[in-house]
Amino acid sequence: MTREMVDGFGRRIEYLRISVTDKCNLRCVYCMPEEGLPWLRRDEILDYEEIAEVVRVMAEMGLKRLRLTGGEPLVRKDLPRLVSLLSSIPGIEDIALSTNAVLLAPMARSLRDGGVTRVNISLDTLRPDRADAIARRPGTLARVLKGLDAAEAVGFEPIKINVVLMRGENDDEVADFAELSRQRPLHVRFIEVMPTESNLELSASNFLSCDEALAAVSEVHALEPVPGPPGNGPATYFSFPGAQGTIGVITPMSHNFCSRCNRMRLTADGQLRPCLFGTIQTPLRDALRRREDLRPLIEETLRIKPEKHLLVQGSSAGSGGLVALSQTGG
Ligand code: SAM
Ligand code: SF4
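Throughout what follows, the structure given in this document is the object of discussion. (Residues numbered from 1 in each chain as written. Chains lettered and ligands numbered in written order. Predicted model: local features only at pLDDT ≥ 70, side-chain atom pairs only at ≥ 80, totals over all residues. Heavy atoms only, no water.)

**Thoughts on the pattern of salt bridges**
Here's step 1: As enumerated under the stated definition, the model contains 25 salt bridges in all.
Here's step 2: Arg118 is the partner of Asp94 in a salt bridge, and the nearest nitrogen-oxygen pair spans 2.8 Å. In this pair, Asp94 is assigned in strand 3 (residues 94-99) and Arg118 in strand 4 (residues 116-122), connecting sequence segments 24 residues apart. In terms of burial, Asp94 and Arg118 fall into one category: buried.
Here's step 3: Linking Glu173 and Arg130 is a salt bridge whose minimum nitrogen-to-oxygen distance equals 2.7 Å. Highlighted residues: Glu173 in the loop between strand 5 (159-165) and helix 6 (174-183) and Arg130 in helix 4 (residues 128-135), separated in sequence by 43 residues. (Salt bridge = Lys/Arg side-chain N within 4 Å of Asp/Glu carboxyl O. Helix = DSSP H or I, 4+ residues; strand = E, 2+ residues; numbered from the N terminus. Buried < 20%, exposed > 50% of the residue type's maximum accessible area, 1.4 Å probe, protein only.)

Given below as structure tokens:
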């Protein structure tokens, strides 16, 4: 039996992003509508044993690394139990977590003990009033910073900070974020906002490219290209001489990186998606519940993985009707 997943364009797929819930305790302006979304019903969502079964089959096919995401993964009850299930699957070498960190402080230790080694934390501003406005929830920044401190204290390594760039909202803070990467061992990644059905105006009128953000940072100090922290992502990294951390850029809009894509996605309701955007997805849930062999479905999804996304700035045309990244895990 081959232990390798290679798609139709020769890309090796070893990484699965698992969305454990579509729900979230925040309403970030670039991600979700203020009123939320029509949430999935409990019985539509894969239970932990079902998620573990998908991972077990894919690990036999060559899957090595996982990321738990959402929605907000920490709002799903007893997440450390899922982590323990996944970390015992032969072939799985690494489990990471993407979180807004609001609920992280009390859970950090059990997640670390269960097998999560690395975390990505969303933090778009270092100013409390802005954080409340972007997340549309009061008291956000203090809770996120507490979560970040806890992440450092329990030894997640590396810790990456995801900053979605928005002109007129946080573009005057790029140097502050860069300074953070100098003082603490944090890897700050600037991300270009991607258009979805729910953020069309913002993603068009407030778009800021990573090139512009890097230029602003370079005015403060010269940046050097560096290899960057371990991970599976599409970021390119730089750092200040002598800095403890790095600065990364993720440029889905200005510099397409799909040729390096190494991943698939599993949504909370069991759709296997070969691309973040587009309409291609394979429902695994019913086959799982009928105890059918998942392998042919996974192989077919791999075979039809698109060469690249077709996103166009200011339009939802290329997103395949996606309302929010929270629906697919980002
Ligand atoms: N709730 C978790 C969090 O915020 O980290 C995990 C899910 S969230 C959908 C995953 C990542 O997608 C976050 O870093 C978030 O900032 C990013 N994201 C969400 N919507 C985006 C968009 N329209 N464009 C670019 N990044 C986006
Ligand atoms: Fe929630 Fe993450 Fe989306 Fe913000 S980016 S609304 S924290 S899922």
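**Observations regarding the packing of aromatic side chains**
Here's step 1: For the structure shown, the criterion picks out zero aromatic pairs.
Here's step 2: Sitting over the ring of Phe240, Arg182 keeps its end group 5.5 Å from the ring centre. (Phe/Tyr/Trp six-rings, centres within 6.5 Å; stacked < 30°, edge-to-face > 60°. Lys NZ or Arg CZ within 6 Å of the ring centre and 35° of its normal.)

**Comments concerning helix 4**
Here's step 1: Taken together, the buried positions of helix 4 are occupied by Arg130, Ala131, Ile134 and Ala135. In an axial view of helix 4, the angular spread of the buried residues amounts to 120°, which keeps them on one side of the axis. What points out from helix 4, more than 90 degrees from its buried face, is the exposed set Pro128 and Asp129.
Here's step 2: Here the buried face of helix 4 lies against helix 5 (140-154).
Here's step 3: Phi for Arg136, located one or two positions after helix 4, is positive at around 55°. (Arc of directions from axis to C-beta. Contact = heavy atoms within 4.5 Å.)

**Observations regarding the environment of Ser254**
Here's step 1: Structurally, Ser254 is set in the loop between strand 9 (246-250) and strand 10 (263-266).
Here's step 2: Since its relative accessible area comes to 32%, Ser254 is described here as partly exposed.
Here's step 3: Along the primary structure Ser254 and Gln313 are separated by 59 residues, whereas in three dimensions their C-alpha atoms are 9.6 Å apart.
Here's step 4: A distance of 2.6 Å separates the side chain of Ser254 from the side chain of Glu192, its partner in a polar contact. (Polar contact = N/O pair within 3.5 Å; in protein donor to acceptor, adjacent residues only side chain to side chain.)

**Observations regarding the site of ligand 1**
Here's step 1: The immediate surroundings of ligand 1 are formed by 19 residues, with Gly71, Glu72, Ser122, Asn162 and Met194 found nearest.
Here's step 2: Between ligand 1 and Gly71 there is a distance of 3.0 Å, counted from a nitrogen atom to a backbone nitrogen or oxygen.
Here's step 3: Backbone polar atom of Met194 to a nitrogen atom of ligand 1: 2.9 Å apart, as the coordinates give it.
Here's step 4: Elements that contribute at least two residues to the shell around ligand 1 include exactly strand 3, strand 5 and strand 6 (186-192). (Near = heavy atom within 4 Å.)

**A word on the side chain of Ser98**
Here's step 1: Within the secondary structure layout, Ser98 lies in strand 3.
Here's step 2: Within polar-contact distance, the side chain of Ser98 engages the side chain of Arg67 at 3.2 Å.
Here's step 3: Apart from residues lying up to four places away in sequence, Ser98 is in contact with Arg17, Arg67, Leu68, Thr69, Pro73 and Asn120.

**Digging into unusual backbone geometry**
Here's step 1: Across the junction of Glu157 and Pro158, the peptide omega takes the value 0°, indicating a cis bond.
Here's step 2: Its place among the elements puts Pro158 in the loop between helix 5 and strand 5.
Here's step 3: For Asp78, which is not glycine, the phi torsion reads 60° and is therefore positive.
Here's step 4: Topologically, Asp78 is positioned in the loop between strand 2 (65-69) and helix 2 (79-87).
Here's step 5: Classification of Asp78 by relative accessible area gives partly exposed; the value is 44%.
Here's step 6: Of note, Arg291 is a non-glycine position whose phi angle comes to about 60°, a positive value.
Here's step 7: Position of Arg291 among the secondary structure elements: in the loop between helix 9 (285-289) and helix 10 (295-303).

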